[in-house]
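Chain by chain, the residues run as shown.
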Amino acid sequence: MTFPARQHNSGELSREPRWKIHRTHQHKAKKTRSNMTEFWQEHSKGATVEEMMLDSRAQELTHHELPEILSMLPCLEGSRVLELGAGIGRYTSHLLTKAAHVTAVDFMDSFVERNKQDNGHHSNATFLQADVTKMDVPKNSFDFIFSNWLLMYLSDEELKTFIEQSLSWLRPGGFLFFRESCNHRSGDSKRDFNPTCYRTEAQYSYLVSSLQVEDTEGDQKFGYDIVLKKKVQAYIEMKNNPNQICWLLEKVPRSSNMQNGFSTFQQFLDNQQYTNTGILRYEKMFGAGYVSTGGPSTTKEFVDMLNLKPGQKVLDVGCGIGGGDFYMAKTFGVEVLGLDLSDNMVNIAMERAITEKLPSVQFEVADATKRMFPEGSFDVIYSRDTILHIDDKLALFKNFHSWLKPGGKLLISDYCCGEKPWTSVFEAYVKQRGYVLYTPSQYGKFIGEAGFCNVLADDRTAQFIQVIKTELQRAEAIKDEFIEEFSEDDYLAIVNGWREKLGRTNSGDQRWGLFYATRD
């Protein structure tokens, strides 16, 4: 397997004799290991944090980035942790206070000795000097693998092998966290030569979501789901560097009949409904910055119900391209964290964030069903036409209840349905989209069962119908502009989609609900 940006080489390789390819790979692997050894021997003589981070501002950066990165990790209580590229133990000391046991591994002796010197008094620590490409780790032996600036020191083949091996080292349901410098170097240390592989974040995301392994019996395949992908804010604020990226992945079973042939639901979204063109077509209909029903008009109406105050913290689940988040931050002075499972959505939102210049708004690719936050993290949880994708709504709403502060507010708009039986057309539509729909009253009951009080479950289908009609009228008015920006086929696809939406709603199958609740 090669990365998307390098696929053009695969045809050339296939014409080479197999023994020659194998020998070439062996030679490249030895050369990579030799270069990395030489590089780190030069930059590990004093075993200082400045050497390890290759940056003169290492102390200051550590102070700001370390708590940020630790906040992204899952609960480690009772976990067996494998820390790779542990260095002198910047993270080891913190992992040891949370986990049942930490095995800290590094390539360089001087780093291992420094880590052991600082953290060897912990009874739940093991320190190893080892090359990650040569480690023999028992299967299903760890709950969590943590690496910080490691994978960029592996060749493409070594990286592919490591991802496969890490899947076997983790127990099912275990997590892999890694953080890498993408696109270009970050540290300011002088380097006579630099063998580091600065990949794009897309290359890492593609690889980790595409690979899978069989378990020991061979009757079940496992792969990684992305729990979150996030830029390190400390580097953005301190160095204007958005290229420090973190991933948290969960080892999950892979079904042989995943939706429409895609390995993960995220791949389905980004390659079907939410392609870049698809997102921008939606935005043309909904209004600049928006990909949810009614765009700026419904956003203003619903946000006004929240009585937002400056400094409050808002979680937007299914943030899309960020229009609502920018509106809340600019109008009310709140801090917003926007989550979306679609990589394409978040990439566009991040681009817009640069223009908006609002450090109080952050975005991350995240699966809301797997992402965890400490209790009482937010004043408001806000979600627009997103939870229709999620199967276990009650479990999600229980998490929302926990994440809100006492007195916190929940506001959701979402696609709903009428009572069954549905028409065959609506059944096919729901199946194709992978939606999980309930009537507005059933939806409201889930919110109440999750522990919320003052639950308002409002059937807004009449408003939905009016919004669709208004958007169709606007589409007709900007037809020429739409076709010039996209194409006539795109115009017809989006307008026909809206007309079908109107038909499903008029038949009573499709409904639209607005839900408001508070936490005691």
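Above this note sits the structure.
Here we summarise the structure given alongside this text.

Scoring rules and cut-offs
Residues numbered from 1 in each chain as written. Predicted model: local features only at pLDDT ≥ 70, side-chain atom pairs only at ≥ 80, totals over all residues. Heavy atoms only, no water. Phe/Tyr/Trp six-rings, centres within 6.5 Å; stacked < 30°, edge-to-face > 60°. Helix = DSSP H or I, 4+ residues; strand = E, 2+ residues; numbered from the N terminus. Buried < 20%, exposed > 50% of the residue type's maximum accessible area, 1.4 Å probe, protein only. Lys NZ or Arg CZ within 6 Å of the ring centre and 35° of its normal. Pairing = 2+ DSSP bridges. Right-handed = clockwise from strand over helix to strand, strands pointing away. Core = buried A, V, L, I, M, F, W, Y, C linked by side-chain atoms within 4.5 Å. Polar contact = N/O pair within 3.5 Å; in protein donor to acceptor, adjacent residues only side chain to side chain. Contact = heavy atoms within 4.5 Å.

Regarding the packing of aromatic side chains
The tally for this structure, following the rule as stated, stands at 31 aromatic pairs. Each ring, one from Tyr-91 and one from Phe-146, has its centre 5.1 Å from the other, and the planes form 45°; the classification is tilted. Of the two residues, Tyr-91 sits in the loop between β1 (80-84) and α5 (92-98) while Phe-146 sits in strand β4 (residues 142-148), which places them 55 residues apart along the sequence. This pair shows no difference in class: Tyr-91 is buried, exactly as Phe-146 is. When the ring of Phe-302 is compared with that of Trp-512, the centres are 6.0 Å apart and the planes differ by 40°; the resulting orientation is tilted. With Phe-302 in helix α12 (residues 295-304) and Trp-512 in strand β15 (residues 510-518), this residue pair connects regions lying 210 residues apart in the sequence. The pair Phe-302 / Trp-512 is uniform in exposure class, with both members buried. By the ring-pair criterion, three or more aromatic residues cluster together here, those being Phe-302, Tyr-415, Trp-422, Phe-426, Tyr-429, Tyr-435, Phe-464 and Trp-512. Directly above the aromatic system of Phe-222 lies the positively charged group of Lys-251, at a separation of 4.9 Å from the ring centroid.

Some points on the pairing of strand β13 (residues 404-417)
For β13, a buried count of eleven out of 14 residues is recorded, marking the element as mostly surrounded by other parts of the structure. Examined bridge by bridge, strand β12 (residues 378-384) and β13 share six bridges and lie parallel to one another. Paired with Phe-378 across the bridge in β13 is Leu-404. Read as a crossover between parallel neighbours, the route from β12 over helix α15 (residues 393-403) to β13 is right-handed. Relative to β15, β13 runs antiparallel, the two sharing nine bridges.

Focus: the nonpolar core
By size, the foremost hydrophobic cluster in this structure holds 97 residues, and its most contacted members are Leu-84 and Phe-400. Counting 60 residues, the second largest nonpolar core, distinct from the first, contains Phe-363, Tyr-435, Ile-468 and Leu-472.

Side note on the side chain of Lys-409
Structurally, Lys-409 can be placed in strand β13. Polar contacts involving the side chain of Lys-409 include one to the main-chain carbonyl oxygen of Leu-306, which spans 2.9 Å. Ignoring any residue separated from it by four or fewer positions in sequence, one finds Lys-409 in contact with Leu-306, Asn-307, Asp-379, Val-380, Ile-381, Leu-404, Tyr-516, Ala-517 and Thr-518.

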